[in-house]
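Analysis of the macromolecular model
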Amino acid sequence: MAEKRNRKQAWMYPIVGALLAMLVAQGCRKETPMPEPEPSGPEPYTLAIPSHFPPSEPAADNPLTVRGVELGRKLFYEGLLSANGNVSCATCHRQELAFSDGVAIATHGVSGRPLERHVPVLFNLAWASSGLFWDGGSKNLESQAFGPLTHADEMGMDLGLLETRLRESADYPKLFSDAFSDGITAANVAKALAQFQRTLVSGNSRYDRYTLDGAGPSALNETELHGLSLVRQKCGGCHSGELFTDNSFHNNGIDDDFSDDSHEWIHRGRYRITFDPMDLGAFKTPSLRNVMVSAPYMHDGRFATIEGVLDHYASGIKDSEVTDRLLYQRDGKPGIPMSGDEKEAIVAFLHTLTDEAFLGDRDFANPNNTKK
Amino acid sequence: MKTNMIGNSGIYTMAAVALIAVSCEKTEYVETEPVLEGETIIVFDARYGDSDFELNKAYDYKLINPDGEFNLQYKFTRLRYWVSNVKFIKSDGSEVAVPDSYYLVEENNEIPVQDGTHGKVYPANKREEVAVKGIPAGDYTGVKFSIGVEPKYNDNLTLRTGELTPLNGMASDSWMWFTSYIFTSLSGEMTWVKETPESKTFFWETGSNEQYSEKTITFESPITINSQAVSNVELDVDVQQLIDFEYPWNNSAIGATTPELMDELTANYLEKAIGLRTASSTAK
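A brief structural summary. (Residues numbered from 1 in each chain as written. Chains lettered and ligands numbered in written order. Predicted model: local features only at pLDDT ≥ 70, side-chain atom pairs only at ≥ 80, totals over all residues. Heavy atoms only, no water.)

1. Regarding empty space enclosed by the protein
All names here are of chain B.
- Using the criterion set out here, one finds three cavities of 30 Å³ or more in the structure.
- If you add up the space inside the second largest cavity, you get close to 40 Å³.
- The wall of the second largest cavity is formed by Phe44, Ala46, Leu79, Tyr81, Val105, Glu106, Glu107, Arg127 and Glu128.
- Listing elements by their share of the lining of the second largest cavity, those giving two or more residues are strand 1 (38-48), strand 4 (68-90) and strand 6 (102-108).
- With three residues, the single largest contributor to the lining of the second largest cavity is strand 6.
- Its residues assigned to classes, the lining of the second largest cavity comprises five nonpolar, no polar and four charged. (1 Å grid on protein atoms, 1.4 Å probe; cavity = no way out; pocket = protein on both sides within 12 Å on 5 of 7 lines; lining within 4 Å. Points joined across faces, edges and corners; volume = space filled by probe spheres on them. Helix = DSSP H or I, 4+ residues; strand = E, 2+ residues; numbered from the N terminus. Nonpolar A, V, L, I, M, F, W, Y, C, P; charged D, E, K, R; others polar.)

Written as structure tokens, this is what we have:
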């Protein structure tokens, strides 16, 4: 109690002070001229949210600004952020692949050594409220950026050197001071990257246009509609809602042995964050959006094709204590039965979730290559 | 009650200034009794049992556990931890929180940055004194502080306050997947002294929101902190207590994948190692 009160009082000083300043300014206008009007803050960036999407909670500590997003975009494609000057975020997160990289396990970090997990897609991150990485260990995009920047097998960068390099560059000092009052700092690199990534909204696929407009040129055909209802029914427990993910963690039955404790428990999924035995082998549900361009699949990229994924759900579910119960039939057998036709319909529908406008959006492309 | 007095008098002072300013009189305002903030020094003096603590020096350790008695020897290369959220306790039990009080206490050899890939090092350093500033004038019976960083900052490495920074190797590095701060880091080499001695390095770290915890130190008699007084609080940090584990030899790495051992290590800091030596104040 007492402590709270003290805090509150400490807060009041600036407020009282500001009030005073106003009073003074008004009461003695002749002697004390009105203060210069406050420069009207940095221009905010308004995130265009598709009308059928859920609301997204803005990041209170790092509001989107036009300059911040622009800087973040440039940094996302910037090789200077890596030890050898050649690896940027976009080396592993390629726009045309929904910001994934097309291989099971990447070896294109500064060390050339294989990474421990598959590169995930990056979009609709403004809704990623339950943490980042496949196990959700990182709490927000701001902190997450320090992972790839410093990881020896990703960008291997020393944050002090990062600041020095940016300060010595031709463009960055101005770009940073335009975007942030305190200019170039490692924290502002992360903030700008986070801002840019929050603008990566994908919600303009054929499915979306159909959802918003109904009939018309985007209308789904019968097979696709059948696929839609099958996905809602069989997959919607986890790949739910308009984001096609519940942003939650499940064991989807790809493994039943979690004894491998190498690499600081990387194979144990969400368990290494929560230490809850029921989280063994649980990973974050990826969105089904753009899934037809983001193969291979799962946290280790083990399935090369979508057919492989569907076969897994139909007949490959491993039965263990921690396998999610949604993956069982009424009679208790593991697996989501799907006929050949049903699988085809599902794949046909998944194609309608490919957002060509997003994959080719110049606002998200390398600013050094494209005209704005 | 006292807390209120101070807080209110501050506001009254301002209100007085406001009235004067608004009425635009040329009265010179003189504060009758300036209530000025003070500062104090908290010293985290590392020791090893009864001896001084030094890096790179061999200390004997008698380990007694269910398997028997063992002669170990420890050489330390690094002791670093975040101290945060300092609060002073008034005699009525109320607390005064010091804003932005985040400090890195450390005694370390050179640490290669990014495993040496950049040919850079964090310099060797010894820092065990923390100057806590901006403490409202008053008499205090004790102090509280936390070891580690509370969730707000631990979960967002871009927020700035006090000395917190992800740039000094006490964030991310070995906690990559949490992308948060390392709360405490103690490492060095341990040797099992026997016919053919064996040695191994150890890395004992804590971190993650669950490990964030608070320590209360009660002074023997109240100290006065204000702009006219010099005060200091000396704490003992007994490293011999930090390494008090039943099975240290088999657990040469403590960190995120050993949550129970992290619990023990956190408890070693808070309940065993850190304690009051003296706290005093004198008029300037």
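There's plenty left to go through after this.
2. Thoughts on the side chain of A:Asn247
Residues and elements named next belong to chain A.
- Inspection of the secondary structure puts Asn247 in the loop between helix 10 (222-235) and strand 1 (249-250).
- Here Trp127 takes part through its backbone oxygen, which lies 2.9 Å from a polar atom of the side chain of Asn247.
- Not counting residues within four places of it along the chain, the set of residues in contact with Asn247 comprises Trp127, Ala128, Ser129 and Ser130. (Polar contact = N/O pair within 3.5 Å; in protein donor to acceptor, adjacent residues only side chain to side chain. Contact = heavy atoms within 4.5 Å.)

3. Quick word on the pattern of salt bridges
Residue and element names in this part refer to chain A.
- Taken as a whole and assessed by the stated rule, the structure comprises 30 salt bridges over all chains.
- Its salt-bridge partner being Arg272, residue Asp135 comes within 3.1 Å of it at the nearest N-O pair. Of this pair, Asp135 sits in the loop between helix 3 (89-92) and helix 4 (141-144) while Arg272 is found in helix 12 (residues 271-274), placing the two residues 137 residues apart along the sequence.
- The class of Arg272 is buried, set by a relative accessible area of 5%. (Salt bridge = Lys/Arg side-chain N within 4 Å of Asp/Glu carboxyl O. Buried < 20%, exposed > 50% of the residue type's maximum accessible area, 1.4 Å probe, protein only.)

4. What about the packing of helix 10 of chain A against helix 14 (residues 340-351) of chain A?
Residue and element names in this part refer to chain A.
- Close contact between helix 10 and helix 14 brings their axes to 7 Å; oriented N to C, the two are set at 100°. As judged from the angle between their axes, helix 10 and helix 14 are roughly perpendicular. The segment helix 10 lies against helix 14, with Thr223, Glu224, His226, Gly227, Leu228, Leu230, Val231 and Lys234 engaging Glu342, Ala345, Ile346, Ala348 and Phe349.
- Its residues placed into classes, the contact of helix 10 with helix 14 shows seven nonpolar, three polar and three charged. (Axes fitted to C-alpha atoms, helices over the stretch in contact; angles between N-to-C directions. Parallel < 35°, antiparallel > 145°, perpendicular 65-115°, else oblique.)

5. Description of the nonpolar core
Residue and element names in this part refer to chain A.
- One finds Leu75, Phe76, Phe176 and Val189 to be the most contacted residues of the largest nonpolar core, which totals 61 residues.
- Examining the composition of this core, we find that seven residues originate from one element, helix 8 (residues 186-198), more than from any other.
- Apart from residues no more than four positions distant in its own chain, Leu75 is found in contact with Leu81, Leu166, Tyr172, Phe176, Val189, Ala192 and Leu193. (Core = buried A, V, L, I, M, F, W, Y, C linked by side-chain atoms within 4.5 Å.)

6. Observations concerning helix 7 (residues 172-179) of chain A
Residue and element names in this part refer to chain A.
- Buried within helix 7 we find Tyr172, Phe176 and Ala179. The buried residues of helix 7 occupy one face: seen down the axis, they fall within an arc of 70°.
- Tucked into the core, helix 7 has its buried residues touching helix 2 (66-76), helix 6 (159-168) and helix 8. (Arc of directions from axis to C-beta.)

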